[in-house]
Amino acid sequence: MRRSRRKPEEETRLDMTPMIDCVFQLLIFFLFTIKFEDVLAHLDVSRPSPDPNAPPPEEKIEEMVTIGVFTDGFTLNERPMTPATLDRMLSRLARYSKTQTILIKCAPDSPHERLIQALDLCSKNGLTNLNVLSM
Amino acid sequence: MAKLVQSDSQPDMTPMIDMVFQLMIFFLVTIQMERDMFVEDIRLAKSRHGPEIKDKVPGTVVIEVDAKGRIFMGRTLLSTEMLRYLLLGAVNRVGYNIPVQIRGDLRTPHRDIRRVMDVCTEVGLVRLQFVAIQKEVTQR
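Definitions and cut-offs
- Residues numbered from 1 in each chain as written.
- Chains lettered and ligands numbered in written order.
- Predicted model: local features only at pLDDT ≥ 70, side-chain atom pairs only at ≥ 80, totals over all residues.
- Contact = placed C-beta atoms within 7 Å.
- Helix = DSSP H or I, 4+ residues; strand = E, 2+ residues; numbered from the N terminus.
- Nonpolar A, V, L, I, M, F, W, Y, C, P; charged D, E, K, R; others polar.
- Pairing = 2+ DSSP bridges.
- Core = buried A, V, L, I, M, F, W, Y, C linked by C-beta atoms within 7 Å.
- Buried ≥ 20, exposed ≤ 12 C-beta atoms within 10 Å, placed from the backbone.

Engineer: How should I be thinking about the interface of chain B and chain A in this particular structure?
Structural biologist: Frequently, the measure chosen for interface size is the accessible area that the parts lose on association. Facing the 36 residues of chain B at the interface are 33 residues of chain A. No other element matches strand β5 (residues 128-135) of chain B, which puts 8 residues into the side of chain B that touches chain A. Considering only residue class, the side of chain B that touches chain A consists of 16 nonpolar, 11 polar and 9 charged. With 7 bridges connecting them, strand β1 (residues 39-45) of chain A and β5(B) associate as antiparallel partners. The residue of β5(B) that forms the bridge with V45(A) is L128(B).

And the structure:
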């Protein structure tokens with residue numbers, strides 16, 4: 001009788017060692033493999049309509065602010081600019097109107113990074129109506 | 001005494017096997033998920049001031065252009081014709097109002113990005129977005 005009483009007591013003891021082992025293993029694995037994702041931004045642009053019935057935009061283009069994107073720098077209405085001066089000019093423009101259309105003309109050889117830089121400067125100054133054209 | 005030594009020499013393999021299977025399944029699932037995402041060798045340009053991408057609009061088309069100007073969608077290399085065909089399919093299914101995200105490598109010449117933009121506008125998709133890194137967390 002004594003034996004039968006002792007037995008259930010022994011069986012109820014759970015061995016925690018494998019579980020702790022496993023949890024530690026997983027913990028270390030996660031610590032090594034965790035990879036934080038970059039925070040991504042979206043820069044919205046619009047493209048001119050390819051509609052052939054649309055009125056020729058020649059007159060309008062002359063009135064618009066045009067940013068030129070080249071391999072070696074930027075221009076603003078044909079005047080060469082460094083990123084810092086372009087930023088200053090755009091912040092001045094943004095004081096008048098943030099919804100004015102800005103044309104961004106991109107040279108075919110310019111790296112994509114340049115265009116992103118120009119769009120970033122526009123976004124910094126709150127200019128939202130951006131059109132991307134290719135030269 | 002003799003009995004005790006015998007029982008010690010036989011370790012229980014069950015927890016180890018359990019664990020190995022758990023890890024194996026985990027690896028299989030995560031590898032599959034990572035593969036499904038994007039082309040790895042695209043380095044995005046940085047844009048500190050661009051608005052953060054929070055919730056992706058359902059149906060958003062993501063087009064990738066690598067440094068050599070190759071076009072990918074869902075890690076599949078596409079020709080310009082194939083891209084046009086796929087975008088037309090997307091337009092027919094969802095409509096013209098879906099945004100198109102262009103993940104261009106920072107070294108890609110603009111002419112290759114232009115090819116993609118031209119196809120998008122030809123098809124009627126005009127909501128274009130360029131993807132850039134706002135805050136870099138990973139070290140490259």
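The structure having been displayed, the exposition proceeds.
Engineer: I would appreciate a short explanation of the nonpolar core in the present structure.
Structural biologist: Within soluble globular proteins, side chains that are nonpolar tend to cluster in buried spots. Within the largest apolar cluster, 42 residues are counted, with the highest numbers of intra-cluster contacts made by A118(A), L119(A), I102(B), V116(B), C120(B), F130(B) and A132(B). In contact with A118(A), not counting residues within four places along its chain, are I67(A), V69(A), F74(A) and I104(A).

Engineer: Looking at this structure, I do not really get the environment of L90(A). What am I missing?
Structural biologist: Residues and elements named next belong to chain A. Mapped onto the fold, L90 is located in helix α4 (residues 83-96). Spatially, the C-alpha atoms of L90 and L127 are 8.3 Å apart, while their sequence positions differ by 37 residues. Apart from residues lying up to four places away in sequence, L90 is in contact with L121, C122, N125 and L127.

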